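# Summary of the model geometry
As a plain string of letters, each chain reads:
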Amino acid sequence: MREQFLSNCEKNFIKKIILEGHRLDGRNYDESRKLDICFGSEYGSCIVSIGETKVLAQVSCEVVQPKQIRPNEGILYINVEISPMAAPQFEANRQTDLTVYLNRLLEKCYKDSKCIDLESLCIVVEEKVWSLRVDLKILNHEGNLIECSSIATLVSLAHFKRPDVTRSGESVIIHTLAENDPIPTVLYHYPVCLTFAIFQNNVLISDPSYIEETVCTSTTEDGNTIGGLLVVGMNQYKEICLLNHTEAAIHNSNIVHRAIQSAAERSKSVVDLIKAEIIRDDNLRQKRTKINFSDIITTNHVQSLSMKDLKICLKNYNINDIKMEEDNSPTEILDDKQDIKPEKSKYDVVASLPQTAEIKAKEGASTWIEISSESDVDSS
Amino acid sequence: MKVSIGDVVLPGDYFDEISTDNAKSRVVIGPGLRKEEDHVYITKAGVLKKKNPHTYWIDSYQKRVDIGGSTTAALSYLSFEGATKKNRPEVQVGDIIYAKLVIASKDMEPELVCIDSFGHKGRLGVLTDGFVFKCSINLIRKILSPQCPLLESLKNEWPFELAAGMNGRIWIKANSMKETIALGNAVLGAEFMSQEEIKKMSNNISATLAGHVY
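Going by the annotation in an unreviewed UniProt entry, the name recorded for chain B is Ribosomal RNA-processing protein 40, with Pararge aegeria aegeria given as the source organism.

By the naming in an unreviewed UniProt entry, chain A goes by Exosome complex component RRP45 and is assigned to Pararge aegeria aegeria. Note on chain A: under the UniProt heading Sequence similarities (unreviewed entry), the record states "Belongs to the RNase PH family."

Pasting the structure below:
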């Protein structure tokens, strides 16, 4: 299936609301969606979700021969897979530009920043080292894959424990998890990739959703791109590990500074969350509590499959407000009903044809200010 | 009548070249062509075209439009109000069109029109500005049902335009950006709500919009 084509309406609308200071889902410019981390039953498996974007990560290890140039270092390998499950435009078992880009970016962030102590993965120099393989599977693509998959990589690596090894002379014994306590991976620092969408060279948006990402990287009628995506890799000590920018060039150095400042705050909170979650998981495992992915499946609930967040949302909208008030004041609703029924429409919005409603604008100035004054009376 | 590539063809003509020439290789037949036992018949008036290696189609005054189905639908330039061969409607790639299906059968390409049977456009045609979003067909049916209080209660709050298509897409437009977002919010939020809750919600949203939250 072809990639979903974005209509001109959508592009213009998103561009306009962002320049006006709003976002489609009611977030502020520097607000991210909810980050959720869930661990699987084995060490090194987790599902990380940012809003509706979900990534499954699994670390596995095996004993291999080291590379010739680095005889005393273990090997880290990252593999990203995007299936049609993520979004219908992807094909199964086929590498796309996005897969290669993601893979390259994550390898840059986690291998080149030397956050993992690869030397501790060595068993016998020039003969046997551990090779860690991180498999990432994109479960759902709702924008900001980079951030989500980087957090997933980090969480699974930090959570992973490899089997203990003892050497007796020439032979090497690999103990099972039951025999000897497994050894955690040593991480010097925790780098996280954070994505920012830049609109019109002055608006900076953190954690862009799918539609914002697409609009940001799409081209306008005159052939220029509207903005670009800036990826900042940063660890908890506010050290930059990676900087990557795609699409339109940045004319303004200020915006990069703003992005880095924003990233510094977020990376700290993300890393703190990751550490807290891993400690919590460790404690649960010591108490022999069963942990698996079934926890994230909601059951006995009619709306368990419905999305939790609305894609289009006002800043102050809260779905719980409505439900709560419903419970507290059943009589009030009846009053409302009586109020509404005799009330005549202030506008000639008529559902004339069965599938449409149209404004037949009354002459003169817009009358919608009237509502505010009236509803003021209602609420008081 | 037997025809060949480049000819002006009419429905009912047949085209032998496909079945004889390329017995082994894969052949793609596009819109306006239909395979009926051994022959390939033409079902549309236009010019027969071929693209190498083996792709055939009928070129006529129409475009193919994504309607969110498994295949694209055909939209003829002549299916707009007052359109003639010289006077073409202004439809650009990327526009949103409010149209209805005239053909929706299993084996044939679906076809769209923007006029009713009297030749009037009604509300159909190109939709400008506003915003389009996808939602479940369940929600579309819900808001289109006469029992649903959503549009009834929202229309008292602020002016807007809305077009709901049975392909799971809703187009909305209001005077300001914030009102459009509020409308989208109300429509999407209504999916799992009871009638009473919907009324409550639309009051709530209009209060938020007016600037005082209670």
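### Quick word on the overall build of chain B
Looking only at helices and strands, one finds five helices and 16 strands in chain B. Burial analysis of chain B (214 residues in total) assigns 46% to the buried set. Counting only contacts in chain B whose residues sit at least 6 apart along the sequence, the fraction spanning at least 24 positions is 56%. A total accessible area of about 11000 Å² is found for chain B, and carbon and sulfur atoms account for 52% of it.

### Considering the pattern of salt bridges
Summed over all chains, the structure comprises 18 salt bridges over all chains. With a closest N to O distance of 3.0 Å, E212(A) and R23(A) form a salt bridge. One end of the pair, E212(A), is in helix α4 (residues 210–217); the other, R23(A), is in the loop between α1 (8–20) and β1 (35–39), with 189 residues separating them in the sequence. With relative accessibility at 1%, the residue E212(A) sits in the buried group. Two residues, E152(B) and K155(B), come together in a salt bridge whose shortest N-O distance is 3.5 Å.

### Some details on the pairing of strand β16 (residues 169–174) of chain B
Residue and element names in this part refer to chain B. The pairing of strand β14 (residues 131–134) with β16 spans four bridges and is classified as antiparallel. Paired with K134 across the bridge in β16 is R169. Pairing geometry for strand β15 (residues 160–165) and β16, over six bridges, is antiparallel. Following the sheet pairing, E161 is matched in β16 by K173.

### Considering the packing of α1(A) against helix α4 (residues 177–189) of chain B
Axis separation between α1(A) and α4(B) bottoms out at 10 Å; the angle between their running directions is 115 degrees. Taken as a pair, α1(A) and α4(B) cross one another with a handedness that is left-handed. Mapping the contact onto sequence places F13(A), K16(A), I17(A) and E20(A) in α1(A) and M177(B), T180(B) and I181(B) in α4(B).

### Brief notes about unusual backbone geometry
Not every positive phi belongs to a glycine, and K114(A) is a case in point at roughly 55 degrees. Considering the arrangement of structural elements, one finds K114(A) in the loop between α2 (97–110) and β5 (122–124). When its relative accessible area of 58% is taken as the criterion, K114(A) is described as exposed. One non-glycine residue, D129(B), lies in positive phi territory at about 55 degrees.

### Remarks on the sheet that holds strand β8 (residues 62–65) of chain B
Residue and element names in this part refer to chain B. With mixed pairing, the four strands of this open sheet are ordered in space as β8-β9-β12-β11. Edge positions in the sheet fall to β8 and β11 (100–103), since each of these pairs with one other strand and no more. Each strand axis lies, on average, 40 degrees off the axis of its neighbour in the sheet, ignoring direction. Bridge count between β11 and strand β12 (residues 111–113): three bridges; the pairing is antiparallel. Across the sheet, L101 pairs through a bridge with L112, a residue of β12.

### So, the sheet that holds strand β2 (residues 14–15) of chain B
Strand pairing in a sheet relies on backbone hydrogen bonds. The paired strands run either parallel or antiparallel. Residue and element names in this part refer to chain B. Taken in spatial order, the three strands line up as β2-β5-β4 in an open sheet, and their pairing is antiparallel. Edge positions in the open sheet fall to β2 and β4 (33–36), since each of these has one partner strand only. Here β2 pairs with strand β5 (residues 39–42) via two bridges, running antiparallel. Residue pairing in the sheet places Y14 in a bridge with Y41 of β5.

### Description of the nonpolar core
In this structure, V48(A), L136(A) and I151(A) are the most contacted members of the largest nonpolar core, which totals 64 residues. Among all residues touching I151(A), those that are not within four sequence positions of it are L35(A), V48(A), I50(A), Y110(A), V192(A), V270(A) and I274(A). One finds F131(B), C148(B), A174(B) and A186(B) within the second-largest nonpolar core, a separate group that totals 49 residues.

### Topic: helix α5 (residues 195–210) of chain B
Residues and elements named next belong to chain B. Between its first and last C-alpha atoms α5 spans 23 Å; for 16 residues at 1.5 Å apiece the expected length is 22 Å, and the two agree. In terms of residue burial, α5 counts as a mostly covered element, since 13 of its 16 residues are buried. Downstream of α5 by a residue or two, G211 has a phi angle that is positive, lying close to 105 degrees.

### Concerning the packing of α1(A) against α4(A)
All names here are of chain A. Where α1 contacts α4, the axes come no closer than 10 Å and their chain directions differ by 100 degrees. The orientation of α1 with respect to α4, classified from their angle, is roughly perpendicular. Where α1 approaches α4, its residues E10, K11, I14 and I18 are matched on the opposing element by I211, E212 and V215. Class assignment for the residues of the contact of α1 with α4 results in four nonpolar, no polar and three charged.

### Thoughts on the confidence of the model for chain A
Residue and element names in this part refer to chain A. Across chain A, the average pLDDT comes to 80, with 78% of residues at or above 70. Within the model, pLDDT remains below 50 along residues 324–346, and this stretch shows 23 contacts once partners closer than five positions in the same chain are excluded. When the criterion is pLDDT under 50, residues 361–380 qualifies, and its contacts beyond four places in sequence or with other chains add up to 18 contacts.

What counts and what doesn't
- Residues numbered from 1 in each chain as written.
- Chains lettered and ligands numbered in written order.
- Predicted model: local features only at pLDDT ≥ 70, side-chain atom pairs only at ≥ 80, totals over all residues.
- Heavy atoms only, no water.
- UniProt positions renumbered as here; feature names shortened; annotations may be inferred.
- Helix = DSSP H or I, 4+ residues; strand = E, 2+ residues; numbered from the N terminus.
- Buried < 20%, exposed > 50% of the residue type's maximum accessible area, 1.4 Å probe, protein only.
- Contact = heavy atoms within 4.5 Å.
- Areas by Shrake-Rupley, 256 points an atom, 1.4 Å probe, with all protein chains shown as cover.
- Salt bridge = Lys/Arg side-chain N within 4 Å of Asp/Glu carboxyl O.
- Pairing = 2+ DSSP bridges.
- Axes fitted to C-alpha atoms, helices over the stretch in contact; angles between N-to-C directions.
- Left-handed = near helix turned anticlockwise from the far one by under 90°.
- Core = buried A, V, L, I, M, F, W, Y, C linked by side-chain atoms within 4.5 Å.
- Expected span 1.5 Å × (residues − 1).
- Parallel < 35°, antiparallel > 145°, perpendicular 65-115°, else oblique.
- Nonpolar A, V, L, I, M, F, W, Y, C, P; charged D, E, K, R; others polar.
- pLDDT = per-residue confidence, 0-100.

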